[in-house]
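Listed here are the chains, written in short residue letters.
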Amino acid sequence: MVSICLASYVLAAAGLLEGLPATTHWRHAEDFQRSFPAVRVNPEVLFIDAGRVLTSAGAAAGVDLCLHLIRRNHGSGIANQVARRCVIPPWRDGGQAQFIERPVPEATDTGTAPTRLWALERLDHPIQLTDLAAHAGMSRRTFTRRFRAEVGESPGKWLTQQRIDLARHLLEHSDLSIDRIAERSGFGTAASLRQHLRGAVAVSPNAYRKSFRS
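Residues numbered from 1 in each chain as written. Predicted model: local features only at pLDDT ≥ 70, side-chain atom pairs only at ≥ 80, totals over all residues. Heavy atoms only, no water.

### A word on the nonpolar core
- Within the largest apolar cluster, 13 residues are counted, with the highest numbers of intra-cluster contacts made by Leu171, Ile181 and Leu193.
- Of all the secondary structure elements, the ones that give two or more residues to this core are α8 (155-173), α9 (178-184), α10 (190-201) and α11 (205-212).
- Among the elements that make up this core, the one with the highest residue count is α8 (four residues).
- Not counting the four nearest positions on each side in its chain, Ile181 is found in contact with Ala167, Leu170, Leu171, Ser174, Leu176, Leu193 and Arg209.
- Listed in part, the 12 residues of the second largest apolar core include Leu123, Ile127, Met138 and Leu159. (Core = buried A, V, L, I, M, F, W, Y, C linked by side-chain atoms within 4.5 Å. Buried < 20%, exposed > 50% of the residue type's maximum accessible area, 1.4 Å probe, protein only. Helix = DSSP H or I, 4+ residues; strand = E, 2+ residues; numbered from the N terminus. Contact = heavy atoms within 4.5 Å.)

Next up, the structure:
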């Protein structure tokens, strides 16, 4: 069951969201929470996959959710083909922030984008918050605050998601062993990769490769 934008009200009224995390358009999130207090509303994400029930924010976030479903069921290769045909970005993570009316951080040369690029180029290395802050020339506290303002989530959560995405890509498109993929994606061990991948898509690396191998 999937809702796009305010269709979350329909799912909630039917009792399908009780006790589950869900999202809706940010302008109606407070009313939604008052109307359905048993639903765990998160108004700051694009979509939420709660297993058999999925909810999205606005109309564009609904497109992201549909691509997520294609990716989940058929792999990133098919999802990317669909995105290209629709002329839309192939991937926006559900945890990415909605475009909520809030003060925009002042544009300076000390933003976190260069540091994010730096991190993406060395995912196979250990990267701590201290390393990220040092590269950006900020204190840990300032870096975390600016990172959240620009990306919509914590540096640690973002970094883990980038590593999961890389691991999924390598599982789909390479012949590397599970151990080697764990090293390349920065998880270090196959056990760590297995734990994180199960948390993200509820399957083991071997099962994922068998299902989504190009």
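### Quick notes on helix α4 (residues 76-86)
- By the burial criterion, the buried members of α4 are Ser76, Ala79 and Ala83. Buried residues along α4 cover an arc of 60° about the axis, so they all sit on one side. Pointing more than 90 degrees away from the buried face of α4 are the exposed residues Arg84 and Arg85.
- Structurally, α4 contributes buried residues whose contacts are with α3 (59-74) and α8.
- Phi for Val87, located one or two positions after α4, is positive at around 55°. (Arc of directions from axis to C-beta.)

Structural measurements only, silent on function.
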